[in-house]
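# Structure at a glance
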Amino acid sequence: MTRPDDSAAPVCPMRRTPLHDRTFADDPDGVYESLRAEGPLADVELAPGVPATLVLDYDTALSVLRDPARFPKDSRVWQRTVPQDSPVVAMMMYRDNVLFQDGPEHDRLREAITDALGRVDSFTLRRYVRESAESLIRDFAPKGEADLLNDYARILPLLVLTKLFGSPPEITSRMVDAITALWDGVDTERANLELGSCVAEVVALRREHPAADVTTWLLEHEAGLDDEEMIQQLVVLMGAGAEPMQNLVANALRLWLSDERFAGNLSGGRLPVEDAIDEVLWQQPPLANYAITFPPQEVELAGRVLPAHQPVVIGIAAANNDPALCSARRDGNRAHLAWSAGAHTCPARGTARMIASVAMETVLDTLPDMDLAVPVERLEWRTGPFHRALTALPVHFPPVPVSDRDEEATGGSDSWSTLPARTQWTRQGVTSTRRRRSSADVDRLPGWNSLVEWLRGR
Ligand code: HEM
């Protein structure tokens with residue numbers, strides 16, 4: 001294996017622009033603009049002491065994404081060069097999963113994932129999103145106020161993904177409970193163990209009792225995934241899916257509620273929900289800087305020589321807003337890089353779009369007179385180099401009694417009650433008496449801590 005290239009000329013740390021500070025979180029476009037004045041590549045810092053090259057222009061980004069031989073995903077050599085407690089290690093350290101593979105192994109895992117996701121029926125997915133959305137709205141509709149990020153967008157993708165995985169309600173309740181505890185930093189060791197148990201239980205359950213779900217389809221796939229690999233696939237699907245999903249839903253709701261082009265209710269609004277989603281994918285993509293690669297040797301790019309093993313990060317938001325692309329965007333096409341491009345382009349684009357649009361439609365339809373509870377400029381963005389993520393999205397609306405909504409919205413169906421109300425599962429203790437994995441077991445689960453860190457929003 002090649003060693004880190006110690007001979008690469010060091011760049012003065014003072015010249016690196018931090019992507020992890022409040023300045024970047026408050027005004028990423030301003031930072032991109034000043035970096036762009038220096039050229040298509042910028043020397044940035046992902047965390048204190050973690051240098052990287054940020055690609056700012058669209059064509060250069062595509063050339064990197066389409067060249068896996070010079071820009072592969074394996075981060076193992078790099079990760080020996082950074083402090084293990086750095087906040088970016090969890091997102092970037094090598095895992096034995098699809099995101100970090102190249103070549104035939106990547107093809108094998110990716111084919112299993114795309115085939116399994118491809119079997120998801122759109123009517124079923126729509127129903128899952130609607131039911132999950134309603135179960136969350138049911139909890140805050142009578143209160144007249146909510147935080148659409150923490151009470152809705154954050155939990156909804158988890159509910160939908162666990163349904164897609166064929167997790168029974170009992171395991172889902174425990175999983176969401178554990179993830180909520182991890183987010184809130186409450187009893188994290190126990191929550192971590194519980195989450196590990198839950199994923200392993202879903203795999204064991206579906207191996208024994210196949211059903212029409214993603215877990216079963218992965219198990220049945222000709223790739224022949226063993227139990228460890230199965231857990232990895234579910235972990236990466238959940239880790240790669242939950243956080244960007246929450247940010248797409250929250251950022252698009254923020255846009256909808258603050259921009260007069262979208263103002264009004266669903267029937268009276270001027271532009272459809274799909275347009276708000278497209279605009280966010282172009283302008284505030286949930287993964288703002290990502291699709292990271294690790295060149296194994298010095299590599300020439302856009303007139304510069306980049307050092308071996310130093311991360312090359314695609315400035316997805318910067319490339320999307322490359323001034324050269326203005327006319328393409330006006331044409332309303334979807335050539336943005338929010339899903340990345342090339343071999344690792346998101347395999348769940350259709351799934352993610354549908355989750356986002358049904359999530360938005362359901363809450364806007366159910367609570368049509370909703371308004372932001374604070375001026376849009378006062379909404380705060382989370383710091384961190386990768387995600388474009390709000391810290392909260394407070395709204396208010398005329399309270400809606402649950403019993404009335406039940407009658408009106410569901411025509412008397414029991415879809416509001418398909419899952420326990422959220423207050424129930426977040427405040428319940430973990431009561432299952434099933435066998436739990438030991439902490440040693442869970443620590444050995446590949447990718448496990450990575451998922452936990454993703455879910456904790458790192
Ligand atoms: C708004 C939502 C989403 C966005 C913006 C998004 C974006 C992305 C991006 C930019 C990548 C490329 C990452 C890289 O090259 O390092 C990616 C890969 C991936 N995404 Fe998504 N994603 C979203 C939702 C989802 C969902 C819901 C799932 C699962 C159901 C998912 C599963 C994956 C997987 C498994 C990969 C790795 C593919 C590979 O390495 O070949 N994503 N996604």
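Residues numbered from 1 in each chain as written. Predicted model: local features only at pLDDT ≥ 70, side-chain atom pairs only at ≥ 80, totals over all residues. Heavy atoms only, no water.

### Some remarks on the overall build of the chain
To keep it simple, the criterion reads: A run of H or I in DSSP becomes a helix once it reaches four residues, and a run of E becomes a strand once it reaches two; helices and strands are each numbered from the N terminus. Only protein chains enter the accessibility calculation, which uses a 1.4 Å probe; a residue whose area is less than 20% of its type maximum is buried, one above 50% is exposed, and one in between is partly exposed. Should any heavy atoms of two residues lie within 4.5 Å, those residues are considered in contact. Computed with a 1.4 Å probe, the accessible areas rest on the Shrake-Rupley method; for each residue, only the protein chains presented here act as cover.
The secondary structure content of the chain amounts to 21 helices and 10 strands. Considering the chain as a whole, with its 458 residues, one finds that 57% of them fall into the buried category. Here the contacts in the chain between residues at least 6 apart in sequence split such that 72% fall between residues at least 24 apart. When the accessible area of the chain is evaluated, it comes to approximately 19,100 Å², of which 49% is carbon and sulfur surface.

### Some words on the site of the ligand
Here is the rule: What makes a residue near a molecule or strand is one non-hydrogen atom of that residue sitting within 4 Å of it. Under this definition, polar contacts are N or O atom pairs within 3.5 Å; protein pairs additionally need one hydrogen-donor-capable and one acceptor-capable atom, and for neighbouring residues in sequence, both atoms have to be side-chain atoms. When residues are grouped by polarity, Ala, Val, Leu, Ile, Met, Phe, Trp, Tyr, Cys and Pro land in nonpolar, Asp, Glu, Lys and Arg in charged, and all others, Gly among them, in polar.
The immediate surroundings of the ligand are formed by 25 residues, with Lys73, His106, Arg110, His344 and Cys346 found nearest. Between the ligand and Val98, the relevant distance is 3.4 Å, taken from an oxygen atom to a main-chain nitrogen or oxygen of the residue. Here an oxygen atom of the ligand sits 2.7 Å away from a polar atom, N or O, in the side chain of His106. Looking at the shell around the ligand, the elements with two or more residues in it are α6 (103–118), α13 (227–258) and β5 (289–293). In terms of residue count, the dominant contributor to the shell around the ligand is α13 (6 residues). Residue composition of the shell around the ligand, grouped by class: 19 nonpolar, 4 polar and 2 charged.

### A short note on unusual backbone geometry
Look at Ala291: it is not a glycine, yet its phi comes out positive at around 55°. Relative to the helices and strands, Ala291 resides in strand β5. Positioned with a positive phi, Ser340 is a non-glycine residue whose angle comes to about 70°. Tracing the sequence through the fold places Ser340 in the loop between α16 (326–330) and α17 (349–366). Given the relative accessible area of 15%, Ser340 is considered buried.

### Observations concerning the coordination of the iron atom of the ligand
What counts is decided by this rule: Sodium, potassium and calcium take a 3.2 Å donor cutoff, other metals 2.8 Å, and in both cases only N, O and S atoms count; water is not among them, so sites may look incomplete.
Counting protein donors to the iron atom of the ligand gives just one, Cys346 (SG), placed at 2.4 Å. With respect to the element layout, Cys346 can be found in the loop between α16 and α17.

### Examining the pattern of salt bridges
This is how it is decided: For this document, the term salt bridge refers to a Lys or Arg side-chain nitrogen within 4 Å of an Asp or Glu carboxyl oxygen.
Applying the stated rule across the entire model yields 24 salt bridges. One salt bridge connects Arg16 with Asp43, and the closest N-O pair in it is separated by 3.8 Å. Of this pair, Arg16 sits in the segment before β1 (17–18) while Asp43 sits in strand β2 (residues 41–47), and the two are 27 residues apart along the sequence. Classification of Asp43 as buried rests on a relative accessible area of 10%. If you follow the salt bridges from partner to partner, you end up with Glu170, Arg174, Glu194 and Glu201 in one network.

### Quick word on the environment of Gly303
One can find Gly303 in the loop between β6 (299–301) and β7 (304–306). In the structure, Gly303 is positioned 264 residues away from Gly39 in sequence and 9.7 Å away in space, judged by C-alpha atoms.

### Digging into α17
Inclusion rule: By definition here, a helix of n residues has an expected span of 1.5 Å times n minus one.
Taking 1.5 Å of rise per residue, 18 residues should cover 26 Å, and α17 covers 26 Å from first to last C-alpha, within 8% of that figure. In terms of burial, α17 is largely enclosed, as 14 of its 18 residues are buried.

### As for the packing of helix α9 (residues 156–164) against α13
The condition is simple: Where helices are involved, their axes are fitted lines through C-alpha atoms of the stretch in contact, as for all axes, and angles between N-to-C directions lie from 0 to 180°. It is the rotation of the near helix from the far one that decides the hand of a crossing: anticlockwise by less than a right angle makes it left-handed, clockwise makes it right-handed.
Where α9 meets α13, the axes come as close as 8 Å, and the angle between the chain directions of the two elements is 145°. Where α9 crosses over α13, the two elements pack in a sense that is right-handed. Between α9 and α13, the contacting residues are Pro157, Leu158, Leu161 and Thr162 on the first element and Leu237, Met238, Gly241, Ala242, Met245 and Gln246 on the second.

### Side note on the sheet that holds strand β8 (residues 312–315)
Strands pair in a sheet through their backbones, by hydrogen bonds, and they do so in one of two ways: parallel or antiparallel. Put simply, the test is: Pairing between strands is defined by DSSP: at least two bridges between the two strands are required.
Spatially, β1-β2-β3-β8-β5 is the arrangement adopted by the 5 strands of the open sheet, whose pairing is mixed. Edge positions in the open sheet fall to β1 and β5, since each of these has one partner strand only. Note: β1 against β2, 2 bridges, orientation parallel. In the strand pairing of β2, Thr17 is matched with Val44. Packed on one face of the sheet, helix α3 (residues 58–65) meets β2, β3 (50–55), β5 and β8 and runs near 135° to β8.

### Re the packing of aromatic side chains
This is how it is decided: The pairing test for Phe, Tyr and Trp rings, Trp by its six-membered ring, is centres within 6.5 Å, and the orientation test on the planes gives stacked under 30 degrees, edge-to-face over 60, and tilted for anything in between.
What the rule picks out here adds up to 7 aromatic pairs. Seen in terms of ring centroids, Phe140 and Phe397 are 6.3 Å apart; in terms of plane orientation they differ by 55°. Their pairing is tilted. Here Phe140 is found in helix α7 (residues 122–140), whereas its partner Phe397 is found in the loop between β10 (394–396) and α18 (402–410), with 257 residues between them in sequence. Since its relative accessible area comes to 6%, Phe397 is described here as buried. When the ring of Trp256 is compared with that of Phe262, the centres are 5.7 Å apart and the planes differ by 35°; the resulting orientation is tilted. On the accessibility criterion, Trp256 (3% relative accessible area) is buried. Residue Phe262 is classed as buried on the basis of its relative accessible area, which comes to 0%. Chaining the aromatic ring pairs together yields one cluster made of Phe140, Tyr152 and Phe397.

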